[in-house]
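# Coordinate inspection notes
Spelled out from the first residue to the last, the chains are:
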Amino acid sequence: MDNIDNNGNQRLDFLREKAGKLSKSPGVYLMKDKSGKIIYIGKAKTLKSRVSSYFNNAVDISAHGIKTFKLVSVIHDFDFIVTGSELDALVLEASLIKQHKPKYNIDLKDDKGYNYIKVSGGDFPKISYALQTDDKNATYIGPYTSGYNIRQTVEETCRIFMLPSCNRKFPQEIGKSRPCLNYHIKRCVGVCKGKVSKEEYNSIVQNALDYIKNGAKKSVRRLTAEMEKAAEQLDFEQAAKLRDRIAAITKTETGQKIQTAKTTDYDIVAIALDAELASAVVIKYRGGRLVDKENFFLGDEYEQKQMLSDFLMEYYDSENMPEIPPEIYAEEEPEDRELLENFFAGKRGKKFSITVPKRGEGLTQVMLAKSNAREYLALKVGRSVKELGALEELAKLLGLSKPPLYIESYDISNIGESVKVGGMVVYRNGKPFKANYRKFTIKEVAGQDDYACMKEVLQRRFTRYIEKDQDVAFSTLPDLILLDGGKGHVSAVREVLGKLEIDVNLFGMVKDDKHRTRAIAADGGEISIAANKQVFGLLTNIQDEVHRFAVTFQRASHKKKSYELELTKVSGIGDKKAAAILKHFKTKQAIKEAGAEELATAAKINIEKAQELKGFIEENF
């Protein structure tokens with residue numbers, strides 16, 4: 001990719017010099033555009049090193065992401081604030097981001113409205129679902145993003161605790177009409193009949209809210225303690241009611257599919273990348289149950305650990321955050337993990353930790369969150385989850401810093417000495433990008449030497465890149481090159497790329513004896529792909545496609561060569577004239593239909609020779 005010196009910013013020399021004069025203290029830096037508007041705010045353990053990294057010659061898209069590349073292209077100046085510690089810098093950064101809302105900082109926007117659980121005011125409060133918080137006399141639990149989950153929670157809670165879901169107002173309408181069906185089928189305690197005192201009813205509501213906030217297990221423990229106390233006091237009627245509620249909760253919990261053995265509260269955070277764009281998901285577990293999920297589109301991607309760190313700060317330090325759980329699960333460590341843990345522990349007033357599970361249920365849940373993030377991002381960028389996941393898995397398998405957005409693959413096909421060709425296919429966003437497919441006729445290699453042919457093809461392709469060829473297929477630097485071949489092919493091409501000073505990830509695709517892709521060839525050996533179905537499927541498709549493309553071109557070239565040889569049997573028609581005829585008419589059928597005058601023009605021969613050629617074509621073609 002182009003480096004930042006080529007991104008159009010004319011003030012890089014000034015910015016580098018200014019950054020070089022910064023101190024090595026921790027602090028916050030504020031990037032500004034031409035108008036003086038703050039467009040990005042960041043924190044730094046060492047101001048000089050962090051700010052200078054934006055303006056180094058070595059900074060490019062592949063290393064730091066499209067977002068950083070775009071940011072640097074519009075930075076006109078920067079300011080900074082030195083702080084006493086890293087934690088102070090983190091707190092100040094969060095405060096300044098909220099104040100200025102810079103364009104290039106993460107802006108957490110999702111596609112959903114917020115949902116709340118409403119607890120009405122009065123002596124007999126009701127629990128219901130709400131979209132607004134416009135009732136000053138009510139209290140609200142939330143916000144949540146999943147309206148479906150909240151409706152289910154409200155319905156489930158009212159059913160378990162037999163709370164009224166009708167529109168009657170209490171105590172005004174107590175005893176004024178007959179009870180509804182819910183009372184008769186034991187779905188309501190029957191407030192309308194006047195059999196439940198205000199104190200008893202409010203106790204039930206508090207138990208219901210405890211169930212909503214803390215989950216089934218904590219609620220069962222509390223109700224069990226109340227039941228035992230009622231039994232000790234010989235209040236067997238109350239004990240029986242509590243027993244029935246416990247049984248209802250237990251039954252509901254048994255049927256709850258989204259649950260976990262872990263009974264504490266925690267969130268799972270995952271980020272999905274699409275080489276240029278990113279999304280995040282937060283899945284919330286409370287009391288062992290999945291209670292909510294939030295998706296966010298983060299825009300341009302950048303370094304993943306930094307993205308995770310920025311997201312956690314923006315999300316959990318927001319004004320809409322009702323509570324911070326004691327633990328967060330993540331796929332990898334965020335940048336400044338210890339700093340974040342200390343910061344959020346301070347906000348909670350209790351212990352806080354970020355866990356990176358390596359096995360067991362925790363890892364399974366993180367992978368589930370990752371799948372949710374991929375689904376959301378796939379919808380945003382118009383790609384399938386399968387394609388998105390395959391590129392991410394391929395990047396992990398090959399040790400790439402991010403998924404390869406633009407892949408080039410090469411294959412050689414030949415028939416003896418006569419026809420040797422190379423094919424280049426391109427996959428963009430995990431799909432064939434046929435507009436950038438290119439063909440090569442081998443010109444310099446004598447004999448059958450696949451390594452030499454592959455070297456010639458790659459030499460010609462990247463020489464055209466260096467010379468800034470106008471062909472868009474040759475002016476683009478790929479994220480990954482895949483050769484149809486093993487370690488020998490990789491080694492041969494590595495030599496070519498080294499001489500041309502082209503730094504691109506390079507691997508080979510190795511087939512088994514049944515011509516199926518079985519492994520990736522690297523400089524140090526082979527990487528098995530058998531255990532990863534997504535990567536296996538993607539690479540098989542790429543290898544099959546580049547082989548098909550090269551063979552198709554080779555067969556067409558062979559036919560063309562055969563036609564040329566046939567035409568040279570006519571006296572006065574040599575290789576050049578035969579090639580000129582084929583180039584002009586393109587197909588055998590067009591040559592057959594051509595008149596003598598057209599043949600004369602194409603081959604630059606006189607009309608008599610053209611008539612002789614026409615007779616030969618009619619007789620032999």
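Numbers given for residues are sequential positions, taken from 1 along each chain in its written order. Selection of residues for local features in this predicted model requires a pLDDT of at least 70, selection of side-chain atom pairs for listing and counting requires 80 or more, and totals for whole chains, interfaces and linings are taken over all residues. Here the side-chain values reflect all heavy atoms present in the structure, with hydrogen atoms and water set aside.

### What about the overall build of the protein chain?
Along the backbone of the protein chain there are 20 helices and 19 strands. Note on classification: 1.4 Å probe, protein chains only; a residue is buried when its accessible area is under 20% of the maximum for its type, exposed when over 50%, partly exposed between these limits. For the protein chain, the proportion of its 621 residues judged to be buried stands at 49%. Residue contacts are counted whenever heavy atoms from the two residues lie within 4.5 Å of one another. For the protein chain, contacts bridging at least 24 residues in sequence account for 63% of all contacts bridging at least 6. About 30800 Å² of surface is accessible on the protein chain, with carbon and sulfur atoms providing 49% of the total. Helix and strand definitions follow DSSP, with helices as H or I runs of at least four residues and strands as E runs of at least two, each counted in order from the N terminus. The Shrake-Rupley method, run with a 1.4 Å probe sphere, supplies the accessible areas, and residue values consider only the shown protein chains as cover.

### Focus on the nonpolar core
For this analysis, a nonpolar core means a set of buried residues of the types Ala, Val, Leu, Ile, Met, Phe, Trp, Tyr and Cys, connected via side-chain atoms within 4.5 Å. With 29 residues, the main nonpolar core has Tyr410, Leu458, Phe462, Ile481 and Leu483 as its most contacted residues. Listing elements by their share of this core, those giving two or more residues are β12 (406-415), β13 (419-428), α13 (450-466), α14 (472-475), β16 (480-484), α15 (487-500), β17 (505-511) and β18 (517-522). Residues contacting Ile481, with those up to four places away along its chain left out, are Glu408, Tyr410, Leu458, Phe462, Leu497, Val504, Asn505, Leu506 and Phe507.

### Some words on the pattern of salt bridges
A pairing counts as a salt bridge when a side-chain nitrogen of Lys or Arg comes within 4 Å of a carboxyl oxygen of Asp or Glu. According to the stated counting rule, one finds 24 salt bridges in the structure shown. Between Arg548 and Glu545 there is a salt bridge, with its nearest N and O atoms 2.9 Å apart. With a gap of three residues between them, Arg548 and Glu545 both fall in helix α16 (residues 533-567), about one helical turn apart. Among the residues examined, Glu545 registers a relative accessible area of 12% and is labelled buried.

### Some remarks on the sheet that holds strand β1 (residues 27-32)
As summarised here, the arrangement of the three strands in space is β2-β1-β3, forming an open sheet in which the pairing is antiparallel. At either margin of the open sheet sits one strand with a lone partner, and together these are β2 (38-44) and β3 (77-82). Between one strand axis and the next, the sheet turns through 20° on average, direction left out of account. The pairing of β1 with β2 spans six bridges and is antiparallel. When the bridges of β2 are listed, Lys32 appears paired with Ile38. Between any two strands, pairing holds if DSSP finds at least two bridges. In this analysis, axes come from line fits to C-alpha atoms, helices being fitted only over the stretch in contact, and the angle between any two N-to-C directions falls in the range 0 to 180 degrees.

### Examining the side chain of Asn532
Position of Asn532 among the secondary structure elements: in the loop between β19 (525-528) and α16. Here a polar contact means two N or O atoms within 3.5 Å. Within protein one must be a hydrogen donor candidate and the other an acceptor candidate, and residues neighboring in sequence count only if both atoms are side-chain atoms. Reaching out from Asn532, the side chain makes a polar contact with the backbone nitrogen of Gln534 at a distance of 3.3 Å.

### As for the confidence of the model for the protein chain
For every residue, the predictor states its confidence as a pLDDT score lying anywhere from 0 to 100. The predicted model of the protein chain has a mean per-residue pLDDT of 80, with 83% of residues at 70 or higher. Counting contacts from residues 1-6, a segment whose pLDDT is below 50, to residues more than four positions away or on other chains yields 19 contacts. Confidence drops under pLDDT 50 across residues 254-259; counting only partners more than four residues distant or on other chains, this segment forms nine contacts.

### Structural notes on the packing of aromatic side chains
Here a pair means two rings of Phe, Tyr or Trp (six-membered ring of Trp) with centres within 6.5 Å. Their orientation is stacked below 30 degrees between planes, edge-to-face above 60, and tilted elsewhere. Scanning the entire structure with this criterion turns up 17 aromatic pairs. Between the aromatic rings of Tyr29 and Tyr40, the centroid separation amounts to 6.2 Å while the plane-to-plane angle is 40°, which identifies the pairing as tilted. Of this pair, Tyr29 sits in strand β1 while Tyr40 sits in strand β2, and the two are 11 residues apart along the sequence. In terms of burial, Tyr29 and Tyr40 fall into one category: buried. Taken together, Phe296, Phe311, Tyr315, Tyr316, Phe343, Phe344 and Phe352 form an aromatic cluster joined through their ring pairs. Arg428 extends its terminal NZ or CZ atom over the ring of Phe433, reaching a point 3.7 Å from the ring centre. Sitting over the face of the ring of Phe462, Arg461 holds its NZ or CZ atom 4.3 Å from the ring centroid. When the NZ atom of lysine or the CZ atom of arginine is within 6 Å of a ring's centre and also within 35 degrees of its normal, the charge is said to sit over that ring.

### Quick look at α15
Here the expected span of a helix is defined as 1.5 Å times the quantity of residues minus one. Between its first and last C-alpha, α15 extends 20 Å over 14 residues, near the 20 Å set by a 1.5 Å rise per residue. Burial in α15 covers these residues: His489, Val490, Ala492, Val493, Val496, Leu497 and Leu500. Summarising the axial view, the buried residues of α15 lie within an arc of 165°, below the 170-degree limit, and thus occupy one face. Those residues of α15 hidden inside the fold are in contact with α13, β16, β17 and β18. The positive-phi residue at the C-terminal boundary of α15 is Glu501, with phi of around 60°. It is the directions from the helix axis to the C-beta atoms that the arc portrays.

### Points about the environment of Glu597
Assignment of secondary structure puts Glu597 in helix α19 (residues 596-603). For Glu597, a relative accessible area of 56% corresponds to the exposed category. Placed 17 residues apart in sequence, Glu597 and Lys614 show a C-alpha to C-alpha distance of 9.7 Å.

### Comments concerning unusual backbone geometry
Pro171 follows Phe170 through a cis peptide bond whose omega is 10°. Relative to the assigned elements, Pro171 resides in the loop between α5 (147-160) and α6 (181-184). Despite not being glycine, Met162 has its phi angle at roughly 55°, a positive value. Relative to the assigned elements, Met162 resides in the loop between α5 and α6. Residues other than glycine seldom take positive phi values, yet Lys468 does so here, at roughly 55°.

### Considering the packing of helix α9 (residues 304-316) against helix α10 (residues 337-348)
Between α9 and α10, the shortest axis-to-axis distance is 12 Å and the interhelical angle comes to 5°. As the angle between them shows, α9 and α10 are arranged roughly parallel. Across the interface between the two elements, Ser309, Leu312, Met313 and Tyr316 from α9 touch Leu340, Phe343, Phe344 and Lys347 from α10. Only Asp, Glu, Lys and Arg are considered charged, only Ala, Val, Leu, Ile, Met, Phe, Trp, Tyr, Cys and Pro nonpolar, and every remaining residue, Gly among them, polar. Residue composition of the contact of α9 with α10, grouped by class: six nonpolar, one polar and one charged. Working definition: roughly parallel below 35 degrees, roughly antiparallel above 145 degrees, roughly perpendicular at 65 to 115 degrees, and oblique for all remaining angles.

### A closer look at helix α4 (residues 86-100)
The end-to-end C-alpha distance of α4, which contains 15 residues, comes to 21 Å, matching closely the 21 Å that a straight helix rising 1.5 Å per residue would cover. Turning to α4, its buried residues are Ala89, Leu90, Glu93, Ala94, Leu96 and Ile97. Structurally, α4 contributes buried residues whose contacts are with β1, β2, β3, α9 and α10.

### Considerations on the environment of Ala44
With respect to the helices and strands, Ala44 occurs in strand β2. Taking the C-alpha atoms as reference points, Ala44 and Leu90, 46 residues apart in sequence, are found 8.5 Å from one another. Here Ala44 is in contact with Pro26, Gly27, Tyr29 and Arg50, once residues within four sequence places are set aside.

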